[in-house]
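In case you want the letters, here they are:
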Amino acid sequence: MITWRDATVSGTRREWPGAIELDVSVDGALIRALAYPALTGHPRPGDRVLLNTTALDLGLGTGGYALVVAIPDRLPPDRELAGHLVKARYTPLQATVLGADEQGSPHHDVLRDADDIDGMPVVVADLHSALPAVLAGVFSTAERADGDASGSTGRPRVVYVMQDGGALPAWFSRSCATLREAGWLAATVTTGQAFGGDLETVTIHTGLLAARHVLGADIAVVAQGPGNLGTGTRWGFSGVAAGEVVNAVAALGGRPVASLRVSDADPRERHRGISHHSLTAYGRVALARADVVVPALPGAFGQVIADEAAQLSGRHEIVTVPVGGLEAALRACPARLSTMGRGLDAELAYFLAAAAAGRHAGRLLRAGTAS
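A brief look at the structure comes next. (Residues numbered from 1 in each chain as written. Predicted model: local features only at pLDDT ≥ 70, side-chain atom pairs only at ≥ 80, totals over all residues. Heavy atoms only, no water.)

## Some remarks on the pairing of strand β5 (residues 66-70)
Here is step 1: Taking burial as the measure, the 5 residues of β5 include 4 buried ones, the bulk of the element.
Here is step 2: Bridge count between strand β3 (residues 29-35) and β5: 2 bridges; the pairing is parallel. Note on β5: the bridge partner recorded for A33 is A66. (Buried < 20%, exposed > 50% of the residue type's maximum accessible area, 1.4 Å probe, protein only. Helix = DSSP H or I, 4+ residues; strand = E, 2+ residues; numbered from the N terminus. Pairing = 2+ DSSP bridges.)

The structure is reproduced here in structure tokens:
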């Protein structure tokens, strides 16, 4: 189940908050590896490192790194255990973190009694790659609002609430690091087994409550971390949890905004038009009503999307959102746009759909839906 290798660090490729990309030598071959210093300590050239090469050996697109498990000859010093939440529980790399919702947290008193997110718009997406596109749509709307959006910069305060269906460490996401540095993303909350966010919580519910009441979010975006898992079956994909998020948002008095996964470029028939992931998550799993955002795409493909979205109308509110100006907003995004290895030009419809959901959330905020 795990492929183990000994390696020697040759050098550092690049760093971003929480992660270091390395060149390491394994039996004379140079490969890429990723280390999380909070777990392993900081690797240096010449260090012997213990690797897990499973994802690399499988040729996974998102997770195609060898992962540093330990620097066995130079272990990091013991750290004071800040909290009692154990993430990645009972795995060899389980990590203890301070949960925002646990006793002993400075936020416990707030979250103990919090039970509502005050109508906050929450954009729900299947894939992590939708996150920067959603933000592009939110801010495109805000910049047209003549300063009536929330926040000192005229932009809404957006918090990413990360599920644990993909990568567990939030540090893996270069998009999050880039969006944070650019001022587009206020903070990240990691929920469930995911960890490494600005705040840690036990459930998606307390993650949303923390985003609103601790971090002051105007809008939240919920999606799994990088590395969606799918099996080509109707129910066997990690994004099915998007439907459960709709239910959680509604239970907490929020405004669920469902972002559709669409494609006219994916070679797999099940993801052409509106992906079966969206149709299953929103059409079968989501029991609460959401605003399902349909991008007003031109031509025959736009009509296909509109027709396929209509099958969700009995359960949800179908909201058609114009996409004018969104391509320019996407091209101005500070984070690289890529989904399933395809960039903006190859998957323009996908990114426009996510940006349209962000535009709708921004309009809900400006209209006073969120208090």
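## Focus on the sheet that holds strand β11 (residues 199-200)
Note: strands within a sheet are paired through backbone hydrogen bonds, in either parallel or antiparallel orientation.
Here is step 1: Spatially, β11-β10-β9-β12-β8-β13-β16-β17 is the arrangement adopted by the 8 strands of the open sheet, whose pairing is parallel. Strands with a single pairing partner mark the edges of an open sheet, and in this sheet they are β11 and β17 (317-321).
Here is step 2: With 3 bridges joining them, strand β8 (residues 121-124) and strand β12 (residues 219-224) adopt parallel strand pairing. Paired with V123 across the strands is V221, a residue of β12.

## A look at the packing of aromatic side chains
Here is step 1: A complete count under the given rule lists 5 aromatic pairs for this structure.
Here is step 2: When the ring of Y36 is compared with that of W171, the centres are 5.7 Å apart and the planes differ by 45 degrees; the resulting orientation is tilted. Remark: W171 occurs in the loop between β9 (158-163) and α5 (174-181) and Y36 occurs in the loop between β3 and α1 (37-40); sequence separation between them is 135 residues.
Here is step 3: When its relative accessible area of 10% is taken as the criterion, Y36 is described as buried.
Here is step 4: Each ring, one from W171 and one from F195, has its centre 5.5 Å from the other, and the planes form 80 degrees; the classification is edge-to-face. With a gap of 24 residues between them, W171 in the loop between β9 and α5 and F195 in the loop between β10 (187-190) and β11 connect regions that are remote in the sequence.
Here is step 5: Given a relative accessible area of 17%, W171 falls into the buried group. (Phe/Tyr/Trp six-rings, centres within 6.5 Å; stacked < 30°, edge-to-face > 60°.)

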